[in-house]
Amino acid sequence: MSYDDDKWNELFELAKPYLTVRHNQVHTEICYNFAQQLLEKLGGDPEIVMPAIILHDVGWSAVPTEQHLLAFGPRKIDENIRRIHEVEGAKIAARLLKQTSVKEENRLEICRIIESHDSSEKAISLEEKIVKDADKLFRFSPEGFSIDAERFAIERVEYRKMLQQFIKHWFFTDLAKEIAAKELQKIKNPQL
Ligand SMILES: [Fe+2]
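Residue indices follow the written sequence of each chain, beginning from 1 at its first position. At least 70 in pLDDT is required for a residue's local features to be given in this predicted model, at least 80 for side-chain atom pairs to be given and counted, and no such filter applies to totals for whole chains, interfaces and linings, which use all residues. Based on all heavy atoms of the structure, the side-chain values leave hydrogens and waters out of the count.

*Asks:* Whenever I open this one, helix 1 (residues 5–15) confuses me. Can you help?
*Replies:* Owing to its 3.6 residues per turn, the α-helix aligns residues three or four sequence positions apart on the same side. Of the positions making up helix 1, those classed as buried are Trp8, Leu11, Phe12 and Ala15. On an axial view of helix 1, the arc spanned by its buried residues comes to 105 degrees, and they lie on one face. Facing away from the buried side of helix 1 by over 90 degrees, the exposed positions are Asp6 and Glu10. Buried-residue contacts for helix 1 involve helix 2 (24–42), helix 3 (46–55) and helix 4 (79–97). Remark: exposure states derive from per-residue accessible area (1.4 Å probe, protein chains only) relative to the maximum for the residue type, with buried under 20%, exposed over 50%, and partly exposed in between. A run of H or I in DSSP becomes a helix once it reaches four residues, and a run of E becomes a strand once it reaches two; helices and strands are each numbered from the N terminus. Working note: the arc is built from the helix axis to C-beta atom directions. Any two residues having at least one pair of non-hydrogen atoms within 4.5 Å are treated as being in contact.

*Asks:* It is not clear to me how the nonpolar core should be interpreted in this structure. Could you clarify?
*Replies:* Most often, soluble globular proteins keep nonpolar side chains buried together rather than apart. Side-chain atoms within 4.5 Å link the members of a nonpolar core, which is a set of buried Ala, Val, Leu, Ile, Met, Phe, Trp, Tyr and Cys residues. Ranked by size, the top nonpolar core spans 57 residues in total, and within it Leu38, Ile53, Ile54, Leu55 and Leu137 carry the most contacts. Every residue in contact with Leu137, bar those within four places of it in the chain, is listed here: Phe34, Leu38, Phe171, Ala176, Ile179 and Ala180.

*Asks:* Is there a simple way to explain the pattern of salt bridges in this structure?
*Replies:* Where charged atoms from two side chains of opposite charge approach closely, those side chains can pair. A pairing counts as a salt bridge when a side-chain nitrogen of Lys or Arg comes within 4 Å of a carboxyl oxygen of Asp or Glu. Evaluated as defined, the whole model comprises eleven salt bridges. One salt bridge in this structure joins Lys91 and Glu88, with 3.1 Å as the shortest N-O distance. You can see Lys91 and its partner Glu88 sitting in helix 4, three residues apart, about one turn around the helix. Under the relative-accessibility criterion, Glu88 is labelled partly exposed at 25%. Note that Glu128 is salt-bridged to Lys132, the shortest N-O span being 4.0 Å. A residue pair is termed a helical-turn pair when its members lie 3 or 4 positions apart in one helix, as Glu128 and Lys132 do in helix 6 (residues 126–137) at four residues. You'll find Glu128 and Lys132 in the same group, each marked buried.

Below, the structure is given as structure tokens:
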């Protein structure tokens, strides 16, 4: 399988103005790499997965910054605020996708995935499973781990233990579970 990185770079450029908050640009880049790894081994349609992962968090741009930390993370969250980022994200994604060559039937599925990527615990297609798993894998990457431990103000040792527990519940695919465990191994000095 080959990926038309130029095509996805173009979409990434369209998304960037909407990814300036919440470390979302680096978050999206890391998720994109995980999505590629999952697609390579599991199959799935890159024409759905790649645009969905690039655009999945553009909706945070529609949520006031001071409300962000109320709406995600390991502690109790405000589900209404989280919902705004999904609904607004799907609207922004639909507008951006119209400026691209992504097929109309795919655009609908991409926006459906974005519209429920956090709040729904179900995934009805392989593409949706890959997007959701790639999104969560960010937290297990060394860079994502450091960003989250700091913004959630959790001790790194404690946070690493929490993530270890989450692996078996959070992911749809066994491959994502394997990758998550390997990523956590890279965090050799969680106390730093
Ligand atoms: Fe995300």
